[in-house]
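Residue-level listing of the chains:
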Amino acid sequence: MADNVNPRRYTSPVREQRAQQTRTAVLDAAEQMFTTRGFVRTTLPAVAEEAGVSLATVKLAFGTKTDLLLNVWHRTLAGGVDDQVPVVERDWYKQQFEIADPIQRIAFATGNGLMIRRRIAGLIAVIEAGATVDDTLAALRDRMFEEHWHVTRNFAQRLADDGHLRDGLTVERATDELWLLNHVSNYRHLTETRGWSAAEYEAWLTRSVSHALLKPELY
């Protein structure tokens, strides 16, 4: 009777590299099409053609068009890195809590937030437009806003724990105010509609958050 032997799984570095290159090509093509054509007018066959791969390859790697957009979103949020590490686990997010001065902490957070908004503003517009015709995208939009609120709450809680919130301001209300001030729609309105520079927006947001949340003697 033959011994039971666990077969050794063969992995090829070359094959894995090619698979990653294909995945990157598809994500690049999809991001370009989603942001220029929108969700409805972007099709999987067009993405496959732009990426130089077969439609079957795109479907096998990503599934539906909605799933593909979700993967593009995660990569864009991560700064072009194809992973899904939560914001609260990233080094820059942890570093802000090492800053003792509350205004400097807010300024640091604002600068990092600005980098993210500049990356995601176009895709958020795509998701918001697509949410009107796709229930999955509507759920994604709602989840994004909810997750952003909870990340914001953590920041507000740390300000409260350090005794920096102005008198009478609860963590819940501070979170709501901070969430609204940081909303990407404000960034789009001020920079795209009103023509503010990124530096002007960043200075306004730092000043607005500081005055809205902190004790008067701190600023």
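Use the structure listed above.
Numbering of residues starts from 1 in every chain and runs along the sequence as written. Reporting of local features is limited, given that this is a predicted model, to residues whose pLDDT is at least 70; pairs of side-chain atoms are given and counted only at 80 or more, and all residues count toward the totals for whole chains, interfaces and linings. As a rule here, side-chain values cover all heavy atoms of the structure and leave hydrogens and water aside.

**Here we look at the layout of surface pockets**
This is how the line gets drawn: Here a cavity means grid points, on a 1 Å grid over the protein atoms only, where a 1.4 Å probe fits yet cannot get out; a pocket means an open set of points with protein on both sides within 12 Å along at least five of seven lines; lining residues are those with an atom within 4 Å of a point. Grid points are joined across faces, edges and corners, and a volume is the space filled by probe spheres set on the points. Only DSSP runs of H or I reaching four residues or more are called helices, and only runs of E reaching two or more are called strands; each is numbered from the N terminus. Residue polarity is assigned by list, with Asp, Glu, Lys and Arg as charged and Ala, Val, Leu, Ile, Met, Phe, Trp, Tyr, Cys and Pro as nonpolar; anything else, Gly included, falls into the polar class.
Here the largest pocket defines a volume of roughly 870 Å³. Lining the largest pocket are 37 residues, and of these Leu-77, Val-87, Ile-116, His-148 and Val-151 lie nearest its centre. Residue assignment for the lining of the largest pocket shows that the elements contributing at least two residues are α4 (65-77), α5 (91-95), α6 (102-130), α7 (135-161) and α10 (198-213). Take the lining of the largest pocket: its biggest share by element is nine residues, from α7. Partitioning the lining of the largest pocket into residue classes produces 23 nonpolar, nine polar and five charged.

**So, the environment of Asp-135**
What counts is decided by this rule: With a 1.4 Å probe rolled over the protein chains alone, any residue whose accessible area is under 20% of its type maximum counts as buried; one over 50% counts as exposed, and the rest are partly exposed.
Along the polypeptide, Asp-135 turns up in helix α7. Classification of Asp-135 by relative accessible area gives exposed; the value is 70%. Each C-alpha atom, one on Asp-135 and one on Val-26, is 24 Å from the other, the two residues being 109 residues apart in sequence.

**Quick look at the packing of helix α1 (residues 13-37) against α4**
We count it as follows: Axis geometry follows a simple rule: fit a line to the C-alpha atoms, using only the stretch in contact for helices, then measure angles between N-to-C directions, giving values from 0 to 180 degrees. Orientation labels follow simple angle bins: below 35 degrees gives roughly parallel, above 145 gives roughly antiparallel, 65 to 115 gives roughly perpendicular, and whatever is left gives oblique. Residues count as neighbours in contact if any of their non-hydrogen atoms are within 4.5 Å of one another.
The geometry of α1 relative to α4 is characterised by a closest axis approach of 10 Å and an angle of 95° between their N-to-C directions. The orientation of α1 relative to α4 falls into the category roughly perpendicular. Contact residues: α1 offers Arg-23, Thr-24, Val-26, Leu-27, Asp-28, Ala-30, Glu-31 and Phe-34, while α4 offers Lys-65, Leu-68, Leu-69, Asn-71, Val-72, Arg-75 and Thr-76. Residues of the contact of α1 with α4, tallied by class, amount to seven nonpolar, three polar and five charged.

**Brief notes about α1**
Applicable threshold: One fewer than the residue count of a helix, multiplied by 1.5 Å, yields its expected span.
Given a rise of 1.5 Å per residue, 25 residues ought to cover 36 Å, and the 35 Å separating the end C-alpha atoms of α1 matches this to within 8%. Every buried residue of α1 is accounted for by Val-26, Leu-27, Ala-29, Ala-30, Met-33 and Phe-34. If you follow the buried residues of α1, they end up packed against α2 (44-51), α3 (55-62), α4 and α6.

**Focus: the environment of Leu-169**
With respect to the helices and strands, Leu-169 occurs in the loop between α7 and α8 (171-181). Judged by relative accessible area, Leu-169 falls into the buried class, the value being 9%. The spatial distance from the C-alpha of Leu-169 to the C-alpha of Asp-67 is 40 Å, given a sequence separation of 102 residues. Aside from chain neighbours lying at most four places away, what touches Leu-169 is Ala-174, Glu-177, Ala-212 and Leu-213.

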